[in-house]
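# Residue-level structure breakdown
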Protein chains: 2
Amino acid sequence: MRWLKPLPLRPRDKVQIVASAGPFDVPAFEKGLEVVGQRYTPTYRPDLYDAWRYLAGSDARRAEELSGALSDTSSRAIFCARGGYGSMRLLPSLSLKDLAPSALVGFSDMTSLHAVLQAAGRVSIHGPVVTHLGIQPPAVQDYLFRLLESPEPPPPLRGTSFYVPGVVEGPLLGGNLSVFSRLLGTPYLPPLDGAILLLEDVGEKPYRLDRMWTHLRLAGVFERVRGIVLGQFTDCENKDGPYSSADVLRSLAEETGLPCAAGFPIGHDTPNYPVALGTHVRLDAGAALITFLEGAVQA
Amino acid sequence: MRWLKPLPLRPRDKVQIVASAGPFDVPAFEKGLEVVGQRYTPTYRPDLYDAWRYLAGSDARRAEELSGALSDTSSRAIFCARGGYGSMRLLPSLSLKDLAPSALVGFSDMTSLHAVLQAAGRVSIHGPVVTHLGIQPPAVQDYLFRLLESPEPPPPLRGTSFYVPGVVEGPLLGGNLSVFSRLLGTPYLPPLDGAILLLEDVGEKPYRLDRMWTHLRLAGVFERVRGIVLGQFTDCENKDGPYSSADVLRSLAEETGLPCAAGFPIGHDTPNYPVALGTHVRLDAGAALITFLEGAVQA
């Protein structure tokens, strides 16, 4: 399939900030907003600060905000305020008819939004949410700006280890394992055939990682994808057990037989490098290397 | 569809004990085994005590043990040692061709085994695992023996509250929300059309309950079932939030519009009453009452 890329950003372009998931820590948000504001012109609705239980306001508010941002042709990107939980509640109410050619930037809970865009053939950016952006090193912030502005492939990223060697190419898809696996059996799973699957997570014990991964297996995902890229698995250890989450992920990867490398600087840790979902990459699992074969935005 | 019921048990009948999920606490297991042994003649393989990470031995061991028990026509029931995690790992390797007419008894992680049996049109028993049986009051133990031995409908069960009123009838299906939702998009989801959906869980914060429930919603489950029975949601509170898991479940139930009652004595608490999945029940949600329209075993 042909993937439609967002238009490139230029400094001072208008960008939208949305809160489609949980309520957020205001100082962390403002710190990230300052980083966005140094490069672009951020705008947001005042009710972005709403909070209801574990959500940044009602479903209606968040859906209206997000739908508005997705169709706003006067802005060039949508930055998500924070993750948490809640975006998947909005999926049935999003209109995907009048999508502006904007870059959506977010990760974790936003995996469900990325999936919706990918099902519509859109490239989107798995990268820091606003509350995460302020604590990222300048190298990550600069990498993000470059990714959003240049049609050239970004520099390659290195992981720390390989579980199954092999070299494969395909569009990079996926994101947060918890969220991605919650799309199985729904109309919102992205087109996975031939893809390289990116997975990361936070706060999930090893047996829970196994359960989510086994769900992917029983749903046939590993018969469809060509390779697996593992990012950070932060706070995923079982304090009582003599095994690590890496031990468990290695076993799971070996079961699939697919080329798989781990320890990429992508996820809930620092640094969290942005990557363009839907763009073609080459995974050399034995070298724990992802080479980007194209840029994230239109030339 | 026609559901095949297990043959009734008689005192002293041979029953199998299997450990298809996690390793277990031996004293708790022995206490439950004594309860089983007072009524029936339990047998098990010595390698039932195996442990590997969070599993009761290798997949091969557990699958062999379980497949053997499922096809053993010399025993009348299969009691699961404990839950935890691991049964869903075995689903693709189970042979369902030579199923003996035995009653499978378990809950929590065994929800995936129940689902496989239900997909094959078999009634099975959502009830205490062996490590849970020893701490159940005599009334629950007696209710289980009666359910396994008599073709008559068991006495009704009462919940504590209703979320959406209404009276509906259908086969009772479901079980543990975490495990059941992990079957979406796989070939192992039971035939849900017209069913009354039973859900319970343990150790899941309210936003996680929302995420799992929303997964069911996005997968179309609430368009297929007729009503919802909520059992215990044990240790599911968010200590920081001014809302309870019951508040969240009520909101979720109201969104579906389906008759729904809560607080049934089914799940990870005490008492944990057994119910026969696949048998027809009447849910009077406004009265928080389940009436069983048939027994669990063949006449």
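Residues numbered from 1 in each chain as written. Chains lettered and ligands numbered in written order. Predicted model: local features only at pLDDT ≥ 70, side-chain atom pairs only at ≥ 80, totals over all residues. Heavy atoms only, no water.

Per an unreviewed UniProt entry, the recorded name for chain A is Muramoyltetrapeptide carboxypeptidase, and the organism is Cystobacter fuscus.

Taken as rigid bodies, chain A and chain B are interconverted by a rotation of 180° and an axial shift of 0.0 Å, the fit giving an RMSD of 0.0 Å. Such a combination of rotation and displacement between the chain copies is what one expects of a two-fold axis. By C-alpha distance to the rotation axis, the residue of chain A lying nearest is Gly185(A), at 1.7 Å. By residue overlap, the copies meet face to face through one surface: 100% of the interface positions of chain A are interface positions in chain B. (Least-squares fit on C-alpha atoms with pLDDT ≥ 70 in both. Contact = heavy atoms within 4.5 Å.)

Okay, the sheet that holds strand S2 (residues 41–43) of chain B next. Residues and elements named next belong to chain B. Across the sheet, which stays open at both edges, the 6 strands sit in the order S2-S1-S3-S4-S5-S12 with mixed pairing between neighbours. Unpaired on one side and paired on the other, S2 and strand S12 (275–277) mark the two borders of the sheet. Put simply, the sheet's adjacent strands are angled 30° from each other on average, direction ignored. Where helix H2 (residues 59–70) meets the sheet, its contacts fall on strand S1 (14–18) and strand S3 (77–80), and the angle it forms with S1 comes to roughly 160°. (Pairing = 2+ DSSP bridges. Helix = DSSP H or I, 4+ residues; strand = E, 2+ residues; numbered from the N terminus. Axes fitted to C-alpha atoms, helices over the stretch in contact; angles between N-to-C directions.)

All right, on to the UniProt feature "domain: LD-carboxypeptidase N-terminal" (unreviewed entry) in chain A then. Residues given the UniProt feature "domain: LD-carboxypeptidase N-terminal" (unreviewed entry) here are residues 15–127 of chain A. Counting secondary structure, residues 15–127 of chain A comes out at 32% helix and 16% strand; the distance between its end C-alpha atoms is 15 Å. (UniProt positions renumbered as here; feature names shortened; annotations may be inferred.)

With that settled, the discussion passes to the pattern of salt bridges. Evaluated as defined, the whole model comprises 34 salt bridges over all chains. We note a salt bridge from Arg89(A) to Asp59(A), for which the minimum N-O separation is 2.8 Å. Here Asp59(A) lies in helix H2 (residues 59–71) and Arg89(A) lies in the loop between strand S3 (77–80) and strand S4 (103–106), a separation of 30 residues in the sequence. The class for Arg89(A) is buried, based on a relative accessible area of 7%. Overall, Asp59(A) belongs to the partly exposed group, its relative accessible area being 24%. In this structure, Arg10(B) engages Asp13(B) in a salt bridge whose closest nitrogen and oxygen atoms are separated by 3.3 Å. Salt bridges sharing common partners tie together Asp59(A), Arg62(A), Arg89(A), Asp210(B), Arg217(B) and Glu255(B). (Salt bridge = Lys/Arg side-chain N within 4 Å of Asp/Glu carboxyl O. Buried < 20%, exposed > 50% of the residue type's maximum accessible area, 1.4 Å probe, protein only.)

Next up on the list: the domain arrangement of chain A. Quoted interface sizes are often the accessible area lost when the parts come together. Residues and elements named next belong to chain A. In terms of domains, chain A is made up of domain 1 (14–149) and domain 2 (157–292). One C-alpha centre belongs to domain 1, the other to domain 2; they are set 23 Å apart. Taken together, the contact between domain 1 and domain 2 spans 29 residues of the former and 29 residues of the latter. The three residues of domain 1 that bury the most area against domain 2 are Gln118, His126 and Tyr143, which together make up 28% of that side's buried surface. The interface formed by domain 1 and domain 2 contains 0 salt bridges. Our count for the domain 1 to domain 2 interface comes out at 6 residue pairs in polar contact (both at pLDDT 80 or more). Among the elements of the structure, helix H3 (111–119), strand S5 (124–126) and helix H5 (138–149) are those that each provide at least two residues to the side of domain 1 that touches domain 2. (Domains from an automatic or database assignment. Buried area = accessible area lost by both parts, 1.4 Å probe. Polar contact = N/O pair within 3.5 Å; in protein donor to acceptor, adjacent residues only side chain to side chain.)

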